[in-house]
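# A structural walkthrough
Given next are the chains, with one letter for each unit.
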Amino acid sequence: MRKLKLVIELYFVRILDIREKENMNQTQMAALLNTSQANYSRWESGAEFIPLKRLNLLCNKFNASMDYVLGLSKVNQPTKKVELDKKIIGNNLKIFRKSKGLTQLQLAEILNTTQSTISAYEAGKTLILTAFAYQLAEQYNLSLDWLTNRKIDK
């Protein structure tokens, strides 16, 4: 739990740095991300993880890497601006899971969720929670930019 707290603090600092660099207040940033100032404040303070759709919007607007914003990378690598596609993300999650030799049930146990939730993610019916995506990225050195199809192919 301590490590997760440190991560949330790091991404809080990165979100705050982005906002301050753009000379914006929380109300302006919230409006840009199509949310309330109260929601934005919880994300920036580290009280809650920013939802993946809002994180993607922030990264698109400010040319930031998801891996960088979430503290998974020390370097802000260039990434593509994308609209999140649940089917692509689900397929990438499935590729990742199979590459690790995990069943849906095993992955569900790792994330403390249900096999049906993993199935819904992989089928592209539901967008994976940022907290779950982060947990996988941290535990397995998975790039969220790759998972969300933001990574630029080299």
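Residues numbered from 1 in each chain as written. Predicted model: local features only at pLDDT ≥ 70, side-chain atom pairs only at ≥ 80, totals over all residues. Heavy atoms only, no water.

Across soluble globular proteins, nonpolar side chains show a tendency to be buried alongside one another. Within the largest apolar cluster, 38 residues are counted, with the highest numbers of intra-cluster contacts made by Leu-58 and Ile-128. It is helix α9 (residues 130-140) that provides the largest number of residues to this core, a total of 5 residues. The contact partners of Ile-128, leaving out residues within four places of it in the chain, are Leu-52, Ile-89, Leu-93, Tyr-121, Ala-133, Leu-136 and Leu-147. (Core = buried A, V, L, I, M, F, W, Y, C linked by side-chain atoms within 4.5 Å. Buried < 20%, exposed > 50% of the residue type's maximum accessible area, 1.4 Å probe, protein only. Helix = DSSP H or I, 4+ residues; strand = E, 2+ residues; numbered from the N terminus. Contact = heavy atoms within 4.5 Å.)

With that out of the way, let us pick up the side chain of Gln-26. Within the secondary structure, Gln-26 sits in helix α2 (residues 26-32). A residue is classified by how much of its surface remains accessible, and Gln-26, at 18% relative accessible area, is buried. Within the local environment of Gln-26, its side chain forms a polar contact with the side chain of Gln-37, the two groups lying 2.5 Å apart. Within polar-contact distance, the side chain of Gln-26 engages the side chain of Glu-44 at 2.9 Å. Other than its neighbours up to four places away in sequence, Gln-26 contacts Arg-19, Gln-37, Tyr-40, Ser-41 and Glu-44. (Polar contact = N/O pair within 3.5 Å; in protein donor to acceptor, adjacent residues only side chain to side chain.)

Honestly, that's just the spatial picture; any functional story needs more than this.
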